[in-house]
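# Survey of secondary and tertiary structure
Residue strings, one per chain:
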Amino acid sequence: MMNKDALGRQLRDLRISVTDRCNFRCIYCMPREVFDSNHQFLPKQKVLSLEEIARLAGVFHQLGVRKFRLTGGEPLLRRNIDYLIRELASLPDVDVALTTNGSLPPSRIEQLRDAGLSRMTVSLDSLDDAVFKAINDVGQSVARVLEWIAAAEQAGYKPLKINMVVKKGLNEDSILPMARYFRERGHILRFIEFMDVGTTNGWRLDEVVPAARILEIINSEMSVEAIPPSYPGEVARRYRYQDGSGEIGIIASVTQPFCGGCVRARLSADGSLYTCLFSDSGHNIRDVLRAGATDDELARSISAVWQRRDDRYSELRTSHTTLPSRKVEMSYIGG
Ligand code: SAM
Ligand code: SF4
Ligand code: SF4
């Protein structure tokens, strides 16, 4: 089935948000003022069951998707996630990955691996406890996440990708200590420019530390040089340490947009399909599924959504980001 968007891009990669809930309140993602005890998370009946997600994944696979990433919210808060990993991993020729805040008991890692999880990304924004606690806003310590990282390594997840969101005035001083620490341990640290996802994180352009500045900070101590992407459409720009001790990535979606090669769709926990991280609305696939559609009908409706797509939000972004005015929250579609 022909499945290219209006700009000729083939859908290859699907991020699946398995829950909109999280045990953290990261200030750039789920600020406590908004995600407080009055916040209405999705009611259970609206959330896709794991069986429904597995079925949709099969349809996406039929359309050419070979990379699945489970995210959230915090994906490990979803019960029986191992079942879903097993189902996804049973599809031919796929890569099943997960992004986590690394705060749950590390004893779970072996189950994830045994279910077929191929890769793991762990988010950590600083090695400084005070800074990290100010960011996660629930008092989570750095030590807990490092324990998770050590256990993941033990289980064979090496190199891991470590995501660090950089926000001006908050954690620029953590850039070098993080780079030193993860270089020594052979993991790939990826710096992410603070993005204007959602409408609740109070994003301002002057709070973004541009990729060029991040590179300058790294180069002040450890020389790096650009290397080619490891696959077409990779969102992180890759750099390797000149002494051969490993690599880092920079996701510069604000200052160096990469919409041209974007082959990724996102499925929210309640079954809406988003063709861009910055969309204002998704396409409700859950209702099509629950109305009894066959796999072919589902494939046709997903394909129709993808073929109409001409997203290039990051390339059109202005300093005050008024397009569109209501964007979907990061914790809802999972970054
Ligand atoms: N809870 C998991 C975690 O934190 O790894 C998975 C979901 S989280 C939404 C996925 C990624 O998005 C994380 O690495 C997080 O740091 C990143 N993220 C969240 N809000 C962001 C923002 N405003 N700008 C850039 N990255 C952001
Ligand atoms: Fe939760 Fe991840 Fe968002 Fe932090 S970035 S609030 S851990 S979903
Ligand atoms: Fe893809 Fe949208 Fe991000 Fe551009 S802004 S890279 S189209 S998700």
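Residues numbered from 1 in each chain as written. Chains lettered and ligands numbered in written order. Predicted model: local features only at pLDDT ≥ 70, side-chain atom pairs only at ≥ 80, totals over all residues. Heavy atoms only, no water.

For strand β5 (residues 161-166), the tally of buried residues reaches 6 of 6 residues, placing the bulk of the element in the interior. Side chains Lys161, Asn163 and Val165 project from β5 onto one buried face, and the interleaved Ile162, Met164 and Val166 project onto a second face that is buried too. Pairing of strand β4 (residues 119-123) with β5 involves 3 bridges; the strand directions are parallel. Within the sheet, the bridge partner assigned to Thr121 lies in β5 and is Lys161. Relative to strand β6 (residues 188-193), β5 runs parallel, the two sharing 6 bridges. (Buried < 20%, exposed > 50% of the residue type's maximum accessible area, 1.4 Å probe, protein only. Helix = DSSP H or I, 4+ residues; strand = E, 2+ residues; numbered from the N terminus. Pairing = 2+ DSSP bridges.)

It is worth spelling out the sheet that holds strand β9 (residues 247-251) at this point. The strand order β7-β8-β9-β6-β5-β4-β3-β2-β1-β10-β11-β12 describes an open sheet built from 12 strands, whose pairing is mixed. Only two strands of the sheet have a single neighbouring strand rather than two, namely β7 (224-227) and β12 (283-284). Two strands pair when backbone bridges link them, and strand β1 (residues 13-17) and strand β2 (residues 67-71) are joined in this way by 5 bridges, in the parallel orientation. Residue pairing in the sheet places Ser17 in a bridge with Thr71 of β2.

Attention now goes to the pattern of salt bridges. Applying the stated criterion to the full structure yields 17 salt bridges. In this structure, Asp13 engages Arg264 in a salt bridge whose closest nitrogen and oxygen atoms are separated by 3.3 Å. In this pair, Asp13 is assigned in strand β1 and Arg264 in strand β10 (residues 264-267), connecting sequence segments 251 residues apart. Accessibility assignment for this pair places Asp13 and Arg264 in one class, buried. In this structure, the salt-bridge partner of Arg290 is Glu52, at a minimum N-O distance of 2.8 Å. Linking Arg290 in helix α8 (residues 286-290) with Glu52 in helix α1 (residues 50-62), this pair joins segments that are 238 residues apart in sequence. Judged by its relative accessible area of 39%, Arg290 falls in the partly exposed class. Here the residues in one salt-bridge network are Asp5, Arg9 and Arg309, joined through shared partners. (Salt bridge = Lys/Arg side-chain N within 4 Å of Asp/Glu carboxyl O.)

Moving on to the nonpolar core. Judged by nonpolar contacts, the single largest core of 107 residues is most densely connected at Phe68, Met120 and Phe191. When residues of this core are assigned to their parent elements, the largest contribution, 7 residues, is made by α1. Excluding residues that lie within four positions of it along the chain, Met120 makes contacts with Leu98, Thr100, Ile109, Trp148, Ala152, Tyr157, Leu160 and Lys161. (Core = buried A, V, L, I, M, F, W, Y, C linked by side-chain atoms within 4.5 Å. Contact = heavy atoms within 4.5 Å.)

Right, let's talk about the pairing of β1 for a bit. Consecutive side chains along a regular strand alternate between the two faces of the sheet. Across the 5 residues that make up β1, a large majority, 5, are buried. Every second residue of β1 is oriented toward a common face, with Asp13, Arg15 and Ser17 on one face and Leu14 and Ile16 on the other, all of them buried. Crossover β1 to β2 through α1 is right-handed. (Right-handed = clockwise from strand over helix to strand, strands pointing away.)

Looking at the protein chain as a whole, its pLDDT mean stands at 92, while 93% of the residues score no less than 70. Confidence over residues 318-323 falls short of pLDDT 50; this stretch has 9 contacts with residues more than four positions distant or in other chains. (pLDDT = per-residue confidence, 0-100.)

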